[in-house]
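Read off the chains here:
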Amino acid sequence: MKITFPHLGNTYICVKALLDDLGVQYVIPPFNNKKGLELGTKYVPEMACLPLKINIGNYIQAYRQGADTILMAGGCGPCRFGYYCEMHREIMRDIGYEMDIITLEMINGNVSELFANIKKLAGGTSPLNAVIATIRMIKIAKQVDEIEMLAFKIRPREKIKGSTDDIYKDFRNKVFLEKGCRRILALISRTREELLGIDTDKSFQPLKIGIVGEIYTTIEHSSSFDIQNRLGNMGVEVDRQVTVSGWIIEHILKKAFHLPRKLEYAKEAKPYLATMIGGHAQETLGHTVLYSKKGYDGVIQIFPLSCMPEIVAESILPKVQVDFGIPVLTLIIDEMTGEAGYLTRVEAFIDLLKKRREQRNDLIIKPAF
Amino acid sequence: MENGYYLGVDVGSVSTNLVIIDDEKKIIKKLYLRTGGQPINALISGMKEIAGLPGEKLRIDGVGTTGSGRVLASVMIGADEVKNEITSHAIAAQQVVPGVRTIIEIGGQDSKIIILRNGVVYDFAMNTVCAAGTGSFLDRQAARLGVPIEEFGSLALKSTSPVRIAGRCAVFAESDMIHKQQTGHSTEDIVNGLCEALVRNYLNNLAKGKDIREPVVFQGGVAANVGIAAAFERALEKKLLIPEHHDVMGALGAAIIARQKKKSSGNFVSAFLGFEAANREYKAKSFECSNCSNMCEVIEILSDSRIIARWGDRCGRWSQQANARVSDGGFKPALEAGCT
């Protein structure tokens, strides 16, 4: 058995660490790029969403490097993602690349199937070992997300432009040289030190933008033309609440063990969207409200073309904008690689936020009578 | 010292516009050219033409560029400000109609709605994945009907009975239109139907959920089309204000932004390379970088076979190299466009 898995931001770091410790062989597909997307779009139905196309591209590239089994997360919400593992299986079979799929999911809160799949994955290792490795992987997931968030904070404030990007990119590449949870955790702490060592402008007050939207396109930077890091380089501090570790802890672990979940966003989303409609629609609405309350300057919503839950959220967001006075920019991502149109919008949005802040500051200094 | 002049350049997908304003922000010269898919050539001939327009030789104190080709234009002629077209259009409209609260802008490849409140851009939207509500759509359908685009609008006004044409998608609209043609509707009615389809598309997609308040300014190349303007007025039940220079508002905005920069900084020296820059030979080349898995498409701009700028790389490997090499050439990295 040789495992592969789809790319999703820094998830490869956690999964690599886990598989290293379980002693399972694996292939990490090349980082997402045009070639992979081209392969994916060739075989995936045109109307399917962008993440599916990228996933299939990943699998084809990994298969050609010897992978025979796909490891992926599953879901059973009303979003199409719920049947993606079956779609993946069928599409790969149609291409002529027969691959086994291990889906980590809990249908109707059924934990036993999840454990059975983990056991299948763990193979010869003892259950105790598997549990330890899983706990460590969750720790890594959490710390990797913290590194990303730290970079979000440092990037707009760095004195020498590009310092954060250099360290962050280096980190993502160095992971391939480290084997196992312990060594990867050590790399993470070294990276944290390096990031904290960057010379920053402490007095600078950057614009603050919250990122909301569909999980794949917000976490996988390559699919949304690296907008979050670019915003940082334009001097904007970004924040994103939807993360991989958050997903593992809130959606899988806490559900499995019936622990109370952090549902502040759902409470805030309730007046606008009372029920869970799949995907992250409630998160999008709830976090927009929360960002507004926390004094953020604006919110950017990102989702792939035809994503149902986010379309619903998009059409409700104007109401949130009016109620809370927070500007929202929606970016819909598809296969297009031309970035000019997106950058124009993002630039204009930043102009808008700057002007609004100036006006607000003017009001504070000299109240309008 | 005598007051200088400011140059604004808007390199769009369909048209390339140049404007020269005086210190009072009045348009002295303007030029509207078709880009024709060749922004470099369009800009060069525009520069030559505007320099040769009658009038004394003007001293340019500041240059602003905008439009989808703004970065390209900025390295070719030397710009002091590189601004996105949304901000530029808003600034120009506020200059012409103080207190404007809604801007409808329809250009060749994109359309925008800009909402202003208290003199500040409050909200905006730009068409995303589809060109159905833009000038290209009209261009194409006009060509199909054999009607010159300049006469399109006045023809629509002659319509006597409305014909409904689907405007959601240019492909659907076309088949719908052919069907209506075949059943014998008059060209006037079909043209009017197309105008209404475009307006419907604009209001349903772009302006959805937006509070359109007067004064409403209609600008962009399509504002010349009286049929569209009439269709908007019918649908909105509001009067549209069409500025005299509606077709070059982006360039006007860019020129005003350049003037603002000059005025706000004391000993400011423009990066303008002079109208002679148009006499050089420019070339654009592109290649795919194979240094990492991003496989960026890197674009190289050559002036008299000397590399003056590169962009398109995410890591800065190529753009920084080019910038270092021309540090004496007055080129400033286009940080704002996210191209470093």
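Criteria and cut-off values
Residues numbered from 1 in each chain as written. Chains lettered and ligands numbered in written order. Predicted model: local features only at pLDDT ≥ 70, side-chain atom pairs only at ≥ 80, totals over all residues. Heavy atoms only, no water. Helix = DSSP H or I, 4+ residues; strand = E, 2+ residues; numbered from the N terminus. Buried < 20%, exposed > 50% of the residue type's maximum accessible area, 1.4 Å probe, protein only. Polar contact = N/O pair within 3.5 Å; in protein donor to acceptor, adjacent residues only side chain to side chain. Contact = heavy atoms within 4.5 Å. Patch = residues over 30% accessible without salt bridge, like charges linked within 9 Å, V, L, I, M, F, W, Y side chains within 5 Å. Areas by Shrake-Rupley, 256 points an atom, 1.4 Å probe, with all protein chains shown as cover. Salt bridge = Lys/Arg side-chain N within 4 Å of Asp/Glu carboxyl O. Pairing = 2+ DSSP bridges. Axes fitted to C-alpha atoms, helices over the stretch in contact; angles between N-to-C directions. Buried area = accessible area lost by both parts, 1.4 Å probe. Nonpolar A, V, L, I, M, F, W, Y, C, P; charged D, E, K, R; others polar.

A. View of the side chain of Thr35 of chain B. All names here are of chain B. Turning to its location among the elements, Thr35 is positioned in the loop between β3 (27-34) and α1 (39-52). Residue classification places Thr35 among the buried positions, given a relative accessible area of 6%. Among the polar contacts made by the side chain of Thr35, one reaches the main-chain carbonyl oxygen of Ser15 at a distance of 3.2 Å. The contact partners of Thr35, leaving out residues within four places of it in the chain, are Gly12, Ser13, Val14, Ser15, Thr16 and Ala42.

B. Just a nonpolar patch on the surface, in detail. Where nonpolar side chains cluster on the molecular surface, the patch consists of Phe115, Phe257 and Leu259 of chain A and spans about 320 Å² of accessible area. Here Phe257 of chain A lies in the loop between α11 (244-256) and α12 (264-269).

C. Local environment of the sheet that holds strand β13 (residues 306-311) of chain B. All names here are of chain B. Read from one edge to the other, the open sheet built from three strands follows the order β11-β12-β13, with strand pairing classed as antiparallel. Two strands bound the open sheet, and with one partner strand each, they are β11 (282-288) and β13. If you compare each strand with its neighbour and ignore which way they point, the axes differ by 25° on average. In the packing of helix α2 (residues 70-77) onto the sheet, the strands contacted are β11, β12 (297-303) and β13, and the crossing angle to β13 comes to about 155°.

D. Summary view of the sheet that holds β3 of chain B. Residue and element names in this part refer to chain B. Pairing is mixed across the open sheet formed by five strands, whose spatial order is β3-β2-β1-β4-β5. Pairing within the sheet leaves two strands with one partner each, and these edge strands are β3 and β5 (81-82). Here strand β2 (residues 15-21) runs beside β3; their pairing, made up of seven bridges, is antiparallel. Within β3, the position partnered with Ile20 by the bridge is Lys29.

E. Examining the pairing of strand β5 (residues 207-213) of chain A more closely. All names here are of chain A. Most of β5 sits out of view: six of its seven residues are buried. Summarising the sheet, β5 and strand β6 (residues 236-240) pair through five bridges and their orientation is parallel. Each bridged residue has a counterpart across the sheet, and for Ile211 the counterpart in β6 is Arg240. Where β5 and strand β7 (residues 298-304) come together, five bridges link them in parallel fashion. Following the sheet pairing, Val212 is matched in β7 by Gln301.

F. The arrangement of the interface of chain A and chain B in detail. Contacts between the two partners involve 28 residues from chain A, matched on the other side by 27 residues from chain B. Of the roughly 2,600 Å² buried between chain A and chain B, counting both surfaces, carbon and sulfur atoms make up 51%. When the buried surface of chain A facing chain B is broken down by residue, Lys34, Arg345 and Glu347 of chain A rank first, second and third, together holding 22% of it. Linking chain A with chain B are four salt bridges. Notably, a salt bridge pairs Glu347 of chain A with Arg70 of chain B, separated by 3.1 Å at the nearest N-O pair. If you look at where chain A meets chain B, you find nine residue pairs in polar contact (both at pLDDT 80 or more). Elements with a contribution of two residues or more to the side of chain A that touches chain B: α2 (34-43), α14 (308-324) and α15 (340-365) of chain A. Considering every element that reaches the side of chain A that touches chain B, the biggest residue donor is α15 of chain A, with twelve residues. Of the residues in the side of chain A that touches chain B, the class split is ten nonpolar, seven polar and eleven charged.

G. Here's a closer look at unusual backbone geometry. Here the residue pair Glu214 of chain B and Pro215 of chain B is connected by a cis peptide bond, since its omega of -5° sits within 30 degrees of zero. As for its placement among the helices and strands, Pro215 of chain B is situated in the loop between α7 (187-206) and β9 (216-219). Positive phi, close to 35°, is recorded for Phe225 of chain A, a residue that is not glycine. Mapped onto the elements, Phe225 of chain A comes out in the loop between α9 (215-219) and α10 (227-233). For Glu237 of chain B, which is not a glycine, the phi torsion comes out positive at approximately 55°. Among the structural elements, Glu237 of chain B can be located in the loop between α8 (226-236) and β10 (240-241). Judged by relative accessible area, Glu237 of chain B falls into the exposed class, the value being 71%.

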